[in-house]
Each structure stands twice: as structure tokens, then as C-alpha cells.
Amino acid sequence: MPTIAFTVSWLVTERLQLSLIISASLAAVLLVVRLVQRSTPQFVINSLIGIGIGWFFASRTGDARDVYLPGILYNAGYAAAMLVSIVSRWPVVGFLIGSVTGDPTAWHKDAGIVRLCTKLTWLLMLPCVVRVAVQLPIYLFGGGDEAIAALGIAKVLMGWPLQVASLAAMAWLLSRGRTPIAAAAT
């Protein structure tokens, strides 16, 4: 919602500070709603941090496109970290499994689990790569209101929907029943 508010406000007013204030105010209202509902405020707090970083970038340059730069850099950083984990044969998803099992590195002893975790890490990395591949060219080469609108639309459409699709693909891979653990049990 804050991204939509910023984008629409910018397109209507072309006033950067006003658009940032509207976006941050909406996020603050959403935070209060979460607290009143006694639901987790984690995602709204993350949004507020992102808005603050985007505000810092855009306020320094005066370019509204810079509101979207931290998200692009964030996704590029995550993709790079996951790629390094895959190349080093210590895929990130393995550590997630290790945190659940209580031994953060025991999974690495089984080559089959390492292969499975590598596939799962590729699927987890894919949304980050797609976001950067779409948004970075718009940021670098787009100009004017069209770039702001395109970045806002891309950020919304490539946020949760893309992440949910990635998680669904991971669940599908695991549900096929060809995991090393299933093979060892039979």
C-alpha cells in the first residue's frame, strides 16, 4: 500500500516530499492497525524501514526514482548472496533446515540433501533476480513519470505475488516425494 500511495501521489502532484510523507503516514496508520488487531507488525515495520531508506536516497538526489533504488539493491544483494551460497555448495536453504533441526550444518554431510537445498535455493533466488532484471533497466534508462509509474507497478506486482509463486514452486518440488530423506526411509 505505501508503494501505491507514493506512486499515485507522485504522479498526481510531482512533489517528492509530499509523496514520501503520504507513503510513510499510510505505513504508520497500517502499523497502528496491526497493533490494535494484535497481529504481527513485522512486515509494516520492514516497510517503514524501507520507506525511510528510500526517503534518504530520494531526498539527497531529489529524484523520485531513487525511492525504488534501495529495493533494487536489496534484491541484487540477496541474489548475489544466494548465488555465492550455491557456488560454495553451502546453499542458504540448508541453513534454514539446520535452524529447524537444531544443528545448523548437519545437513551438509548428505550430498542428496545438499543437491535438494541447492535446487530450493535457486527457486528462492529467482524472484530477486527477476525483480532486478525488470526494475534496474527501468531505473537506469527510464525517465519522467513513466519510469516512476513503471517502477511502482513492477514493485507491487513483483512483491508478494512473485514470492508466493517461488514458495509454491519450492513446495511442489518437495511434494514430489523425491527427497533424499524419503529415499532413505524406504
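Located above this text is the structure these notes cover.
Below, the structure is looked at part by part. (Residues numbered from 1 in each chain as written. Predicted model: local features only at pLDDT ≥ 70, side-chain atom pairs only at ≥ 80, totals over all residues. Heavy atoms only, no water.)

## Points about the nonpolar core
Nonpolar side chains in soluble globular proteins generally cluster together in the buried interior.
Consideration 1: With 14 residues, the main nonpolar core has M82, V93, W107, C117, L120, L124 and M170 as its most contacted residues.
Consideration 2: Looking at this core, the elements with two or more residues in it are helix 4 (69-87), helix 6 (111-141) and helix 8 (160-175).
Consideration 3: Looking at this core element by element, the count peaks at eight residues for helix 6.
Consideration 4: Excluding anything up to four places from it in sequence, W107 contacts W90, P91, G94, F95, G98, I113, V114 and C117.
Consideration 5: Membership of the second largest hydrophobic core comes to 13 residues, among which are W10, A64, Y68 and L151. (Core = buried A, V, L, I, M, F, W, Y, C linked by side-chain atoms within 4.5 Å. Buried < 20%, exposed > 50% of the residue type's maximum accessible area, 1.4 Å probe, protein only. Helix = DSSP H or I, 4+ residues; strand = E, 2+ residues; numbered from the N terminus. Contact = heavy atoms within 4.5 Å.)

## Considering helix 1 (residues 2-13)
Consideration 1: Between its terminal C-alpha atoms helix 1 stretches 16 Å, which fits the 16 Å expected from twelve residues at 1.5 Å a residue.
Consideration 2: Among all positions in helix 1, only P2, T3, A5, F6, T7, S9 and W10 are buried.
Consideration 3: Tucked inside the fold, the buried residues of helix 1 contact helix 2 (16-37), helix 3 (42-61) and helix 7 (144-157). (Expected span 1.5 Å × (residues − 1).)

## Side note on a nonpolar patch on the surface
Consideration 1: On the surface, M1, I4, V8, V12, I153, V156 and L157 cluster together to form a nonpolar patch covering roughly 690 Å² of accessible area.
Consideration 2: Taken together, the elements giving at least two residues each to the nonpolar patch come down to helix 1 and helix 7.
Consideration 3: Summarising the element assignment, V8 is placed in helix 1. (Patch = residues over 30% accessible without salt bridge, like charges linked within 9 Å, V, L, I, M, F, W, Y side chains within 5 Å. Areas by Shrake-Rupley, 256 points an atom, 1.4 Å probe, with all protein chains shown as cover. Salt bridge = Lys/Arg side-chain N within 4 Å of Asp/Glu carboxyl O.)

It is worth stressing that arrangement in space is one thing and function is another; only the former is reported here.
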